[in-house]
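# An overview of the molecular structure
One-letter residues, chain by chain:
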Amino acid sequence: AYIAVGPLAQLDAKKGRYFIDYEMRPALAFKGDDGMPILISAKCTHLGCTVASEVNDQGQILCPCHVSYFDIRTGAPNPGAPAKAPLPHLDWVLMDAAGAVVGRSTEPPAVPASELAACTVYIPKRTTEEA
Ligand code: FES
């Protein structure tokens, strides 16, 4: 019921890790200031190009096709960008080595940060009807 994104310890604040979501769309995983994952769609809301993975000094990722910058925290495009809609975020879960869910995007993790380092990030697999 889950799709693996990668180890939490390998996520980075400035360089996203690409993965493919449950509808075969590209998405990016970053580490937020709180050490938790930020998962955001990488399919530009303008015409669908794949957004680049490097975060600039303003906390934005660039769609190079027609130059839209998206804030990775809010998903919002920059004012005046060709893209008008924000990039949506994806829900995530954290699992420990035994496969137990120890954290979710919707609630604070149940284990200390030191134990989260060994966890793996997943997205819950959903059908189109539920999405
Ligand atoms: Fe991204 Fe046009 S497709 S700015």
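Read on for an overview of the structure.

What counts and how
Each residue is numbered by its place in its chain's sequence as written, counting from 1. Side-chain atom pairs in this predicted model are given and counted only at pLDDT of 80 or more, local residue features only at pLDDT of at least 70, and totals for whole chains, interfaces and linings cover all residues. As a convention, hydrogens and water are excluded, and side-chain values are obtained from all of the structure's heavy atoms. Strand pairing requires that DSSP identify at least two bridges connecting the strands. Think of it this way: any DSSP run of H or I at least four residues long counts as a helix, any run of E at least two long counts as a strand, and we number them from the N terminus. Axis definition: a line fitted to C-alpha atoms, over the contacting stretch in the case of helices. Angles run 0 to 180 degrees between N-to-C directions. Cysteine sulfur pairs qualify as disulfides if the two atoms are within 2.5 Å. The criterion is simple. A nonpolar core is a set of buried Ala, Val, Leu, Ile, Met, Phe, Trp, Tyr and Cys residues joined through side-chain atoms within 4.5 Å. The classification of residues rests on relative accessible area computed with a 1.4 Å probe and restricted to protein chains. Under 20% of the type maximum is buried, over 50% is exposed, and intermediate values are partly exposed. Salt bridges, as used here, are contacts in which a Lys or Arg side-chain nitrogen is within 4 Å of a carboxyl oxygen on Asp or Glu. Stacked, edge-to-face and tilted are the three classes for Phe, Tyr and Trp ring pairs, Trp counted by its six-membered ring, which pair at centre distances within 6.5 Å; planes under 30 degrees apart are stacked, over 60 edge-to-face, the rest tilted.

Ordered in space as E2-E3-E4, the three strands form an open sheet in which the pairing is antiparallel. Each edge of the sheet is formed by a strand with only one pairing partner; in this case those strands are strand E2 (17-20) and strand E4 (37-41). Sheet twist, expressed as the average angle between the axes of neighbouring strands with direction ignored, equals 30°. Note that E2 and strand E3 (residues 26-31) share four bridges and pair antiparallel. Looking at the pairing, Tyr18 lines up with Leu28 of E3.

Turning our eyes to something else, we now look at the sheet that holds strand E1 (residues 2-7). Spatial ordering of the open sheet is given by E1-E9-E7-E8, a layout of four strands whose pairing is antiparallel. A strand with exactly one partner marks an edge of an open sheet, and here the two such strands are E1 and strand E8 (101-104). The average angle at which neighbouring strand axes cross in this sheet is 30°, direction not considered. Bridge count between E1 and strand E9 (residues 120-124): five bridges; the pairing is antiparallel. When the bridges of E9 are listed, Pro7 appears paired with Thr120.

Attention now goes to the state of the cysteines. Under the definition given, this model contains one disulfide. Across the disulfide, Cys49 is cross-linked to Cys65 (sulfur-sulfur distance 1.9 Å). Since a negative S-S torsion denotes a left-handed disulfide, the Cys49-Cys65 link at about -100° is left-handed. Of this pair, Cys49 sits in the loop between E4 and strand E5 (60-63) while Cys65 sits in the loop between E5 and strand E6 (68-71); the two residues are 16 residues apart in sequence, bridging distant segments of the chain.

Of all hydrophobic cores here, the largest spans 17 residues; its most connected members are Val5, Phe19, Leu39, Leu94, Leu116, Val121 and Ile123. Formed by 14 residues, the second largest nonpolar core is a distinct cluster that contains Cys44, Cys63, Ile72 and Leu87.

Glancing now at the pattern of salt bridges. Per the stated rule, a full pass over the model turns up four salt bridges. Notably, a salt bridge pairs Glu54 with Lys15, separated by 2.8 Å at the nearest N-O pair. Placement of Glu54 in the loop between E4 and E5 and of Lys15 in the loop between E1 and E2 is noted, with a sequence separation of 39 residues between them. Take Glu54: its relative accessible area is 45%, and that puts it in the partly exposed class. With a relative accessible area of 42%, Lys15 lands in the partly exposed category. Residues Glu23 and Arg25 are paired through a salt bridge, measuring 3.2 Å at the closest nitrogen-oxygen approach.

We now examine the packing of aromatic side chains. All told, the structure shown has one aromatic pair when counted by the stated rule. Between Tyr2 and Tyr122, the aromatic rings sit 6.3 Å apart at their centres with planes inclined by 70°, giving edge-to-face as the arrangement. Here the residue Tyr2 occupies a position in strand E1, and Tyr122 occupies one in strand E9, the gap between them amounting to 120 residues. Look at Tyr2 and you get partly exposed, because its relative accessible area is 35%.

These values are about where atoms sit, not about what they do.
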